[in-house]
Amino acid sequence: HELPPEARRKVVKEVARVLKPGGTFILTDSVQLGDRLALDESLGNFEKLNEPWYPSYIKENFGQMLSEEGFKPEVKYMNSVTKTLSFTRL
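Parameters and conventions
Residues numbered from 1 in each chain as written. Predicted model: local features only at pLDDT ≥ 70, side-chain atom pairs only at ≥ 80, totals over all residues. Heavy atoms only, no water. Helix = DSSP H or I, 4+ residues; strand = E, 2+ residues; numbered from the N terminus. Buried < 20%, exposed > 50% of the residue type's maximum accessible area, 1.4 Å probe, protein only. Contact = heavy atoms within 4.5 Å. Salt bridge = Lys/Arg side-chain N within 4 Å of Asp/Glu carboxyl O. Pairing = 2+ DSSP bridges. Axes fitted to C-alpha atoms, helices over the stretch in contact; angles between N-to-C directions. Core = buried A, V, L, I, M, F, W, Y, C linked by side-chain atoms within 4.5 Å.

Asker: For this particular structure, what's the right way to read the overall build of the chain?
Answerer: Along the chain, the regular secondary structure elements total 4 helices and 3 strands. Listing each helix as α and each strand as β along the chain from the N terminus yields α-β-α-α-α-β-β. Seen through its principal axes, the chain has C-alpha atoms that stretch 40 × 25 × 15 Å. Taking all 90 residues of the chain together, 33% fall into the buried category. Taking the intrachain contacts of the chain between residues at least 6 apart in sequence as the baseline, contacts between residues at least 24 apart amount to 66%.

In structure tokens, the structure reads:
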């Protein structure tokens, strides 16, 4: 959530470039909209704490973004307000 949307896409493209087929990419960050419905109304408040890219982060579809770059979504694990996603490079 510390990156602007354009930089997120560049990171994913670079991961796709350097990770061998069959390799695993793991992303851990805070939950997003829809992950913990009870928190959805308050997630946007983090922008007020000097988190300028958080509003776009909580709406970002990482599954779609990584699928478009040749990854298969694997595991989604959540613990409190942290989420970990794993993807396999095809």
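Having seen the model, we can carry on.
Asker: Sorry if this is basic, but what is going on with the pattern of salt bridges here?
Answerer: As a working rule, side chains carrying opposite charge can pair if their charged atoms are close by. Inspection of every chain in the model, using the stated rule, returns 7 salt bridges. Of the charged contacts, one joins R8 and E60 as a salt bridge, the two residues approaching to 2.8 Å between their closest N and O atoms. Within this pair, whereas R8 is found in helix α1 (residues 5-18), its partner E60 is found in the loop between α3 (54-57) and α4 (62-68), the two being separated by 52 residues in sequence. Look at R8 and you get buried, because its relative accessible area is 5%. K13 is paired through a salt bridge with E69; the nearest N and O atoms lie 2.8 Å apart.

Asker: Got a minute to help me understand the sheet that holds strand β2 (residues 71-79) in this structure?
Answerer: Adjacent strands of a sheet pair through backbone hydrogen bonds, lying either parallel or antiparallel. Within the open sheet, the 3 strands sit side by side as β1-β3-β2. Their pairing is antiparallel. Every other strand in the sheet has two partners, leaving β1 (24-30) and β2 as the edge strands with one partner each. Taken over all neighbouring pairs, the strand axes of this sheet differ in orientation by 20 degrees on average, direction set aside. Sheet topology note: the β2/strand β3 (residues 82-89) ladder contains 7 bridges and is antiparallel. Across the sheet, the residue bridging to Y77 is T84, located in β3.

Asker: Would you mind showing me how to read the nonpolar core here?
Answerer: Nonpolar side chains tend to gather and get buried jointly when the protein is soluble and globular. The biggest cluster of nonpolar side chains holds 15 residues, and the ones touching the most others in it are F25, F62, L66, F71 and F87. When contributions to this core are tallied by element, the ones reaching two or more residues are α1, α3, α4 and β3. Every residue in contact with L66, bar those within four places of it in the chain, is listed here: V12, F25, F71 and F87.

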